[in-house]
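Reading the structure
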Amino acid sequence: MTGRPAALLLVRHGQTVWHAENRYAGVSDIALTDEGRRQAERLGEWAVRHPVDAIWTSTVTRAIETAEPACRALGLVPRREYDLRECDFGEVEGRTLTEYAAGDPERARQYRADPVAHPFPGAEDPRAAAARGAMALRRIADGHPGQRVLVVAHNTLLRLALCELLSIPLGVYRRVFPQLRNGAVSEIRIGEQGGALLSLNVPCVPGISP
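A brief report on the enclosed structure follows. (Residues numbered from 1 in each chain as written. Predicted model: local features only at pLDDT ≥ 70, side-chain atom pairs only at ≥ 80, totals over all residues. Heavy atoms only, no water.)

For the rest of this paragraph, the subject is the pairing of strand β1 (residues 7-12). As a general feature of sheets, a regular strand has side chains that alternate between the two faces. Most of β1 is tucked away: 6 of the 6 residues are buried. Covered by surrounding structure in β1 are A7, L9 and V11 together with L8, L10 and R12, the residues of both alternating faces. Judged from the 6 bridges that link them, β1 and strand β4 (residues 148-153) form a sheet pairing that is parallel. The residue bridging L9 from the neighbouring strand is L150, located in β4. As judged from the 5 bridges shared by β1 and strand β5 (residues 185-191), these two strands associate in the antiparallel manner. The partner of L10 across the bridge, within β5, is S186. (Buried < 20%, exposed > 50% of the residue type's maximum accessible area, 1.4 Å probe, protein only. Helix = DSSP H or I, 4+ residues; strand = E, 2+ residues; numbered from the N terminus. Pairing = 2+ DSSP bridges.)

Rendered as structure tokens:
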């Protein structure tokens, strides 16, 4: 990497039907709620005030639809990255952690203590997810030196990737980053020495919680 590093503006997609109930969506293609669409529109308004040079999304519909208002406002064609897709949550896909704990309290306890050492049954290895997410963000940064890039992806994938880029142990990702809020903006820069987190969960509209 040479020259000035890219500024990556990371955004978790808008609220979905499952996220309103705190269900794990993962690889399931779940639609945005009305509130999720409002969050996408607010992101588009944010993009008018804080223009970016490029917009990347995961290949999952909820991320693509969240980026659409920003793409429209700036006249940009979104680029899609398969490695930015959300983690597969295996047997817990479509369920809440409370529901999982009711059926298997010991495994739920282990997951809460260390979600990387004790992932959900049948889930993607969090270490592999962290590696692919971090590599995808590095590729995007390398392709846009000195530019501002909006990246719309997913809660768990981005938190794991942030830990990987910031040299934070993966096993504490749920504690260090309790959540990326739907439609909020977090800024990271990736240079030769690694990543730097400049802001976290900044609402697109001041005074309005994402």
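A separate point is the packing of helix α1 (residues 34-49) against helix α2 (residues 61-74). Packing of α1 against α2 brings their axes to within 7 Å, and their N-to-C directions diverge by 30 degrees. With respect to their mutual orientation, α1 and α2 come out roughly parallel. The handedness of the crossing between α1 and α2 comes out as right-handed. Along the contact surface, α1 presents A40, E41, L43, G44, A47 and V48, while α2 presents E65, T66, P69, A70, R72, A73 and L74. Among the residues making up the contact of α1 with α2, the classes are represented as 8 nonpolar, 2 polar and 3 charged. (Axes fitted to C-alpha atoms, helices over the stretch in contact; angles between N-to-C directions. Parallel < 35°, antiparallel > 145°, perpendicular 65-115°, else oblique. Left-handed = near helix turned anticlockwise from the far one by under 90°. Contact = heavy atoms within 4.5 Å. Nonpolar A, V, L, I, M, F, W, Y, C, P; charged D, E, K, R; others polar.)

Turning next to the packing of aromatic side chains. Taken as a whole, this structure holds 5 aromatic pairs when the rule is applied. When the ring of Y100 is compared with that of F120, the centres are 5.2 Å apart and the planes differ by 80 degrees; the resulting orientation is edge-to-face. Separated by 20 residues along the polypeptide, Y100 in helix α3 (residues 97-103) and F120 in the loop between α4 (105-113) and α5 (126-143) bring together distant segments of the chain. Using a relative accessible area of 4% as the deciding quantity, one classes F120 as buried. For the pair Y111 and F120, a centre-to-centre distance of 4.0 Å together with 20 degrees between the ring planes defines the contact as stacked. Each member of the pair, Y111 as well as F120, carries the same accessibility label: buried. Taken together, the ring pairs in this structure connect Y24, F89, Y100, Y111 and F120 into an aromatic cluster. (Phe/Tyr/Trp six-rings, centres within 6.5 Å; stacked < 30°, edge-to-face > 60°.)

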